[in-house]
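Close look at the chain arrangement
What follows is the residue order along each chain.
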Amino acid sequence: LITDLGPAFVKIVQVFASRPDALPEAYQKEFEGLLERVRPFKKDEAMETMSRNLGGDEAVRSLFDDMSVFDEPVAAASVGQ
């Protein structure tokens, strides 16, 4: 699956999905699903990614006054946002 390749690949496919002239119809229909239905992932995976990219757990904690904001998901957003 494209989602297994990571967010950069999902974003590329989303761009193609929004361009009906760029791909054959069969691909277009399949990729349109990634415009609205990307598989969710767990909090631990998000925290690990932030920690790895920001320089460790302490660096992540220093950015947020209250880490409990990550306990329950409240929304989803595009990588481009």
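Residues numbered from 1 in each chain as written. Predicted model: local features only at pLDDT ≥ 70, side-chain atom pairs only at ≥ 80, totals over all residues. Heavy atoms only, no water.

1. Digging into the overall build of the protein
Heads up, the condition is: Secondary structure follows DSSP: runs of H or I at least 4 residues long count as helices, runs of E at least 2 residues long count as strands, and numbering of each begins at the N terminus. Burial classes follow relative accessibility: with a 1.4 Å probe on protein chains only, a residue under 20% of its type's maximum area counts as buried, one over 50% as exposed, and anything between as partly exposed. Two residues qualify as a contact provided that any one of their heavy atoms is within 4.5 Å of a heavy atom in the partner residue. Areas reported as accessible are Shrake-Rupley estimates using a 1.4 Å probe. Residue values count occlusion only from the protein chains shown.
Helix and strand counts for the protein come out as five helices and zero strands. In the protein, the succession of helices and strands from N to C terminus is α-α-α-α-α. When each of the 81 residues of the protein is scored for burial, the buried share is 16%. Restricting the contact set of the protein to residue pairs at least 6 apart, pairs at least 24 apart contribute 31%. Accessible surface, the protein as shown: approximately 6800 Å² in total, 56% of it carbon and sulfur.

2. Observations concerning the side chain of Ser-51
In plain terms, the rule: For this analysis, a polar contact is any N or O atom pair within 3.5 Å, provided that within protein one partner can donate a hydrogen and the other can accept it, and provided that sequence-adjacent residues contribute only side-chain to side-chain pairs.
Summarising the element assignment, Ser-51 is placed in helix α4 (residues 43-54). The class for Ser-51 is buried, based on a relative accessible area of 13%. Side-chain polar atoms of Ser-51 contact the side chain of Asp-57, separated by 2.8 Å. Residue contacts for Ser-51: discarding those within four places in its chain leaves Gly-56, Asp-57 and Val-60.

3. Describing the layout of surface pockets
Test applied: A cavity here means a set of 1 Å grid points, computed over protein atoms only, where a 1.4 Å probe fits but cannot escape. A pocket is an open set with protein on both sides within 12 Å along at least 5 of 7 lines, and lining residues have an atom within 4 Å of a point. Grid points are joined across faces, edges and corners, and a volume is the space filled by probe spheres set on the points. Under the scheme applied, nonpolar residues are Ala, Val, Leu, Ile, Met, Phe, Trp, Tyr, Cys and Pro; charged residues are Asp, Glu, Lys and Arg; polar residues are all the others, including Gly.
Empty space within the second largest pocket amounts to approximately 180 Å³. Around the second largest pocket sit Leu-1, Ile-2, Thr-3, Glu-30, Phe-31, Gly-33, Leu-34, Arg-37, Val-38 and Arg-39, which together line it. For the lining of the second largest pocket, the secondary structure elements donating two or more residues are α1 (2-5) and α3 (25-32). By residue class, the composition of the lining of the second largest pocket is five nonpolar, two polar and three charged.

4. A look at the packing of aromatic side chains
Filter applied, for reference: Each pair of aromatic rings taken from Phe, Tyr and Trp, with Trp reduced to its six-membered ring, is defined by centres within 6.5 Å and is described as stacked if the planes are under 30 degrees apart, edge-to-face if over 60, and tilted in the remaining cases.
As enumerated under the stated definition, the model contains two aromatic pairs in all. Ring geometry for Phe-64 versus Phe-70: centroids 4.9 Å apart, planes at 85°, classification edge-to-face. Relative accessible area serves as the criterion here: at 23%, Phe-70 is assigned to the partly exposed category.

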